[in-house]
Amino acid sequence: LCCFQLYGYCYQDSNDIPDTLTTITELGSPLEMIQLLQTSWEDRFRICLSLVRLLHYLAHSPLGSVTLLDFRPRQFVIVDGELKVTDLDDASVEESSCTSNSDCFMEFPARNFTLPCSVEGRCQSMNEKRNLYNAYRFFFTYLLPHSAPSSLRPLLDKIVNATGNHNKHMICTEYLALELSPSPSVNSEFTQKCVKSANTQYRRVPEAFIPDENYRCWPSYHHKGCLLSVFDVNEAIEICDSYSQCKAFVLTNQTTWTGRQLVFFKMASNHIVPDPDKITYVKVTD
């Protein structure tokens with residue numbers, strides 16, 4: 001699940017290159033960090049969750065602990081919204097040998113770490129720690145905290161700081177998988193964030209849709225309008241109240257991968273059309 005799926009391969013002798021190997025793999029999209037930062041937090045959360053699964057697999061693979069020596073965004077692609085590694089040429093299962101702790105020195109552009117040397121003469125968990133810190137500096141630090149739900153920010157700050165803090169670098173991938181997994185407790189924190197009771201009144205119009213009157217907001221699931229995910233009507237009201245141009249919103253029957261409902265936010269309600277799959281809420285003005 002974490003690596004490119006191999007559909008087939010074949011050997012072919014060539015006059016120029018003998019023993020040529022051709023592989024057929026699934027199709028993925030190149031990883032563009034700037035584009036990812038413009039997507040919704042839920043989509044970025046899903047990518048980080050798939051990265052956590054990859055970290056766990058690499059730490060406990062049938063071959064032992066595997067490290068990706070070239071752990072960079074260019075080595076990954078997006079397949080159906082999830083992150084997968086494509087290039088395993090630089091993968092290694094060899095834990096560095098050592099005679100003392102000073103031999104277990106890991107150097108990164110921003111921070112350096114020294115790991116303990118085991119009695120067997122191997123640097124303890126160096127492969128796992130290298131993958132973890134690279135995941136922190138290339139992915140977690142950008143994708144997780146950015147525009148995250150307020151109810152989850154303390155948890156996300158804890159995770160990001162733990163992966164990048166040289167004093168608390170003993171965090172393991174199992175902890176990350178537990179904290180980031182969409183378990184009922186975490187999902188509840190994500191979806192059921194507290195909303196203030198709104199003084200604004202909204203008129204409910206069932207089976208109705210506003211086709212126009214769009215305005216742009218960020219982040220949005222729609223590039224020409226304001227399409228966001230909500231847990232319930234109360235959260236939609238809170239969002240609409242927070243935008244001065246919002247005068248109405250439309251609940252759709254579409255949900256995100258976490259089960260949150262997609263809602264269009266509108267700047268007016270002059271033209272309402274019938275639609276059996278939608279419910280419109282119009283702000284009541286004095």
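Residues numbered from 1 in each chain as written. Predicted model: local features only at pLDDT ≥ 70, side-chain atom pairs only at ≥ 80, totals over all residues. Heavy atoms only, no water.

Draft legend 1. Broad picture of the overall build of the chain. Looking only at helices and strands, one finds seven helices and 14 strands in the chain. Looking at the chain as a whole, 43% of its 286 residues qualify as buried. When contacts within the chain are restricted to residue pairs at least 6 apart in sequence, those whose partners lie at least 24 apart make up 64%. When the accessible surface of the chain is split by element, carbon and sulfur atoms take 50% of a total near 16,000 Å². (Helix = DSSP H or I, 4+ residues; strand = E, 2+ residues; numbered from the N terminus. Buried < 20%, exposed > 50% of the residue type's maximum accessible area, 1.4 Å probe, protein only. Contact = heavy atoms within 4.5 Å. Areas by Shrake-Rupley, 256 points an atom, 1.4 Å probe, with all protein chains shown as cover.)

Draft legend 2. Seen up close, the side chain of D70. Within the secondary structure, D70 is located in the loop between β4 (67–68) and β5 (76–79). Among the polar contacts made by the side chain of D70, one reaches the side chain of Q75 at a distance of 2.5 Å. Once residues within four sequence positions are removed from consideration, D70 is found in contact with Q75 and D90. (Polar contact = N/O pair within 3.5 Å; in protein donor to acceptor, adjacent residues only side chain to side chain.)

Draft legend 3. Region of the structure containing the pairing of β5. Alternating residues of β5 divide into F76 and I78 and V77 and V79, and every residue in both groups is buried. Of the pairings in the sheet, the one linking strand β3 (residues 29–30) to β5 comprises two bridges and is antiparallel in character. In the sheet register, P30 faces β5, and the bridge partner there is V77. Where β5 and strand β6 (residues 82–85) come together, four bridges link them in antiparallel fashion. Bridging from a neighbouring strand, V79 pairs with E82 of β6. As consecutive antiparallel partners, β5 and β6 are separated by two residues, and within that stretch D80 has a phi angle of approximately 55°, a positive value. (Pairing = 2+ DSSP bridges.)

Draft legend 4. The arrangement of the state of the cysteines in detail. Taken as a whole and assessed by the stated rule, the structure comprises four disulfides. Here C98 engages in a disulfide with C117; their sulfurs sit 2.1 Å apart. The sign of the 95° torsion about the S-S bond sets the C98-C117 disulfide as right-handed. Taken as a pair, C98 in the loop between β7 (91–92) and β8 (105–107) and C117 in the loop between β9 (112–114) and α3 (126–143) lie far apart in primary sequence, 19 residues in all. On the basis of relative accessibility, which here comes to 18%, the residue C117 falls in the buried class. With its sulfur 2.0 Å from that of its partner, C217 forms a disulfide with C226. (Disulfide = S-S within 2.5 Å.)

Draft legend 5. The arrangement of the packing of aromatic side chains in detail. Considering all chains together, one arrives at 13 aromatic pairs under this definition. Between F71 and F76 the ring centres are 5.3 Å apart and the planes differ by 55°, which places this aromatic pair in the tilted class. For the pair F71 and F76, one class covers both residues: buried. Note on F113 and Y133: the rings are 5.0 Å apart at their centroids and 70° apart in plane angle, and the pair reads as edge-to-face. Of this pair, F113 sits in strand β9 while Y133 sits in helix α3, and the two are 20 residues apart along the sequence. The residues F113 and Y133 share a single accessibility class, namely buried. These aromatic residues form a ring-pair network of at least three members: F108, F113, Y133 and Y136. The ring of F264 carries K266 above its face, with NZ or CZ at 5.0 Å from the centroid. Its end group placed over the ring of F209, K278 keeps NZ or CZ at 5.1 Å from the ring centre. (Phe/Tyr/Trp six-rings, centres within 6.5 Å; stacked < 30°, edge-to-face > 60°. Lys NZ or Arg CZ within 6 Å of the ring centre and 35° of its normal.)

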